[in-house]
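# Descriptive analysis of the structure
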Amino acid sequence: MHVTLRSKDNGARLVEFEAAVAAVDQAAAAEAVAVLAKERLNARDSEHLTERWARESTVWRLTPER
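First things first, this report covers the structure right here in the doc. (Residues numbered from 1 in each chain as written. Predicted model: local features only at pLDDT ≥ 70, side-chain atom pairs only at ≥ 80, totals over all residues. Heavy atoms only, no water.)

## Some remarks on the pattern of salt bridges
- With the rule as written, the count across this model stands at 2 salt bridges.
- Note that R55 and E56 form a salt bridge whose closest N and O atoms lie 3.6 Å from each other. (Salt bridge = Lys/Arg side-chain N within 4 Å of Asp/Glu carboxyl O.)

## Things to note about the pairing of strand β2 (residues 13–23)
- Relative to β2, strand β1 (residues 2–6) is paired through 5 bridges, and the arrangement is antiparallel. Paired with T4 across the bridge in β2 is E16.
- Counting the residues between successive antiparallel strands, the hairpin from β1 to β2 contains 6 residues, one of them, G11, with a positive phi of roughly 80 degrees.
- Inspection of the sheet shows β2 paired to strand β3 (residues 60–64) by 5 bridges, in the antiparallel sense. Within the sheet, the bridge partner assigned to A22 lies in β3 and is R61. (Pairing = 2+ DSSP bridges. Helix = DSSP H or I, 4+ residues; strand = E, 2+ residues; numbered from the N terminus.)

## So, the side chain of S7
- Counting through the fold element by element, S7 comes out in the loop between β1 and β2.
- By relative accessible area, S7 is classed as buried at 16%.
- Among residues more than four places away in sequence, those in contact with S7 are A12 and L14. (Buried < 20%, exposed > 50% of the residue type's maximum accessible area, 1.4 Å probe, protein only. Contact = heavy atoms within 4.5 Å.)

## Some remarks on the sheet that holds β2
- Read across the open sheet, the 3 strands follow the order β1-β2-β3; overall the sheet is antiparallel. The sheet is open, and its two edges are formed by β1 and β3, each paired on a single side. Across the sheet, the axes of successive neighbouring strands diverge by a mean angle of 55 degrees, strand direction being ignored. (Axes fitted to C-alpha atoms, helices over the stretch in contact; angles between N-to-C directions.)

## Observations concerning a nonpolar patch on the surface
- A grouping of M1, V21, W60 and L62 is seen on the molecular surface, where their side chains present a nonpolar patch of about 420 Å² in accessible area.
- Counting through the fold element by element, W60 comes out in strand β3.
- When its relative accessible area of 54% is taken as the criterion, W60 is described as exposed. (Patch = residues over 30% accessible without salt bridge, like charges linked within 9 Å, V, L, I, M, F, W, Y side chains within 5 Å. Areas by Shrake-Rupley, 256 points an atom, 1.4 Å probe, with all protein chains shown as cover.)

## Here's the deal with the layout of surface pockets
- Of the pockets and cavities examined, the largest pocket occupies roughly 220 Å³.
- In this structure, the largest pocket is lined by V24, A32, V33, L36, R40, W53, T58, V59, W60 and R61.
- Only α1 (30–38) and β3 provide two or more residues apiece to the lining of the largest pocket.
- Broken down by element, the lining of the largest pocket gets its largest block of residues, 3 residues, from α1. (1 Å grid on protein atoms, 1.4 Å probe; cavity = no way out; pocket = protein on both sides within 12 Å on 5 of 7 lines; lining within 4 Å. Points joined across faces, edges and corners; volume = space filled by probe spheres on them.)

Interpretation note: all reported values are geometric properties and have no functional meaning in isolation.
If you want it as structure tokens, here you go:
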């Protein structure tokens, strides 16, 4: 997969790279998912965000390829 990361300020392209994509087993990687949830400052129902993600969403891991 080709990934382009853009600036939050002005949308300028910061970096591009190729990445392998894999679904995250949220039960096995609970700590990693909790770190992601902590960064979601404006999420609705933030107390139960990880539970909602486990029920309704797929978390994807992007691993840069060299």
